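Structural features, examined
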Amino acid sequence: MKGPTEEEIRNVIIPLMLSGAKMLDRHCPKCGSPLFEKDGRIFCPVCEYREKKGKDQRGVDAILTEKLNKLAAGLPDDVGELEKHLRVMGMIIELIERYRKLEGAK
């Protein structure tokens, strides 16, 4: 196990300790970082941090984009159904844009 990097210690662990979280004498089996307890919850701040910054963002983007592509590939001939599809596609595009803006992505 490698443990947290200096950057993770500076940007994740120290602020967590300053917020009142308690560092435990156990380590994360996944990344080697110390486990913390706050508000009755035991967690690894390093793994959770990495997942939120990378995996989750791509996951939401990928899911929404996949839905958008499925709708685009199966556009109906009926005008009423076509309007529904286009409305939903517009909402998905808006969600993708909002999500990226919230996450700070360009």
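Since the structure is predicted, the reported quantities are computational estimates derived from the model, not experimental observations. (Residues numbered from 1 in each chain as written. Predicted model: local features only at pLDDT ≥ 70, side-chain atom pairs only at ≥ 80, totals over all residues. Heavy atoms only, no water.)

Secondary structure summary: the chain contains three helices and three strands in total. If you list the helices and strands of the chain from N to C, you get α-β-β-β-α-α. For the chain, buried positions account for 27% of its 106 residues. For the chain, the exposed area adds up to about 7,800 Å²; of that, 57% sits on carbon and sulfur atoms. (Helix = DSSP H or I, 4+ residues; strand = E, 2+ residues; numbered from the N terminus. Buried < 20%, exposed > 50% of the residue type's maximum accessible area, 1.4 Å probe, protein only. Areas by Shrake-Rupley, 256 points an atom, 1.4 Å probe, with all protein chains shown as cover.)

Here we come to the environment of Lys-38. Summarising the element assignment, Lys-38 is placed in strand β2 (residues 34-38). Taking relative accessible area as the criterion, Lys-38 reaches 26% and is therefore assigned partly exposed. With sequence-adjacent residues up to four places away left out, Lys-38 is seen in contact with Ser-19, Ala-21 and Phe-43. Side chain to side chain, Lys-38 and Ser-19 meet in a polar contact 3.0 Å long. (Contact = heavy atoms within 4.5 Å. Polar contact = N/O pair within 3.5 Å; in protein donor to acceptor, adjacent residues only side chain to side chain.)

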